[in-house]
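# Architecture at a glance
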Amino acid sequence: MTEFWEENFREKQSMWGLSPADAALETVKLFQEHGLQKILVPGFGYGRNAKVFMDEGFDVTGIEISETAIDIARKQYGNQIKVHHGSVSGMPFDNETYGGIFCYALIHLLDKKDRAKLIADCYHQLSEGGFMVFVAISTEDHAFGKGEEIGKNRFLTPHGVELFYYNLDSVNDEFGDYGLLESKTIMEPAKSKKGKPGQKFWQIVCKKAAVG
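Fair warning: this is a prediction, and the values are worked out from it, not measured in the lab.

### Here's the deal with the packing of helix α5 (residues 112-124) against helix α6 (residues 168-175)
At their nearest, the axes of α5 and α6 sit 10 Å apart, and the two run at 55° to each other. In terms of orientation, α5 lies oblique with respect to α6. Residues Lys-112, Arg-115 and Ile-119 of α5 form the contact with α6, whose participating residues are Asp-173, Glu-174 and Phe-175. Of the residues assigned to the contact of α5 with α6, the class counts are two nonpolar, no polar and four charged.

### Brief notes about α6
Along α6, the residues that are buried comprise Ser-170, Val-171, Glu-174 and Phe-175. Buried residues of α6 fall within an arc of 105° about the axis and therefore sit on the same side. Turned more than 90 degrees from where α6 packs its buried face, Asp-169 and Asp-173 sit exposed. Structurally, α6 contributes buried residues whose contacts are with α5, β5 (126-137), β8 (162-164), β9 (180-188) and β10 (199-207).

### Description of the sheet that holds strand β7 (residues 154-156)
Either a parallel or an antiparallel arrangement is found when strands of a sheet pair, and the pairing is made through backbone hydrogen bonds. If you trace the three strands from one edge of the open sheet to the other, you get β6-β7-β8, paired in antiparallel fashion. Bordering the open sheet on either side are β6 (148-151) and β8, each of which pairs with just one other strand. Adjacent strand axes in the sheet meet at a mean angle of 30°, parallel and antiparallel pairs treated alike. Across three bridges, the pairing between β7 and β8 is antiparallel. Across the sheet, Phe-155 pairs through a bridge with Leu-163, a residue of β8.

Cut-offs applied
- Residues numbered from 1 in each chain as written.
- Predicted model: local features only at pLDDT ≥ 70, side-chain atom pairs only at ≥ 80, totals over all residues.
- Heavy atoms only, no water.
- Axes fitted to C-alpha atoms, helices over the stretch in contact; angles between N-to-C directions.
- Helix = DSSP H or I, 4+ residues; strand = E, 2+ residues; numbered from the N terminus.
- Parallel < 35°, antiparallel > 145°, perpendicular 65-115°, else oblique.
- Contact = heavy atoms within 4.5 Å.
- Nonpolar A, V, L, I, M, F, W, Y, C, P; charged D, E, K, R; others polar.
- Buried < 20%, exposed > 50% of the residue type's maximum accessible area, 1.4 Å probe, protein only.
- Arc of directions from axis to C-beta.
- Pairing = 2+ DSSP bridges.

This is the structure:
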């Protein structure tokens, strides 16, 4: 997976543009409402979603598998950004706890074992009363079923990416033991651009209960 993303970031650079995802903007508001400060962003990429948190004064730490993507982020936003270089399968990278975790369009790239580990690792690093938000591709997306089927609701796309598509049952099954608070389907971007349809995702919100 490392080579795939290195090649893509080297070739396409800021491939998703510099504007944050709509889900990131919504999550900023959620984290602000609850007075959160320290934020972890697994799947940091080149920082387009993390930037909106940094702009609002959050203390942001990222995790990113591609060194090229990290270099792009540093050129865009400065060397002060904090990013652990490595795969999320190597979590934890520090002993910190975080009030909020935002993980966008990453978990569906993993197999079942690594998805379970990522959720558990994020929950472990979540502070009591903290929130974690995952955005994952839905079985309602127009691309569902395309490519080579390699497992239940999992396909190898023509671009060489393995995708697991979530439905309500798999959301409840994988996140149910981790303070699942809300799950809803969303379109990204919310307003589709002409000639480029948006994608259907699940936006999954979990809260870690305070002890005592």
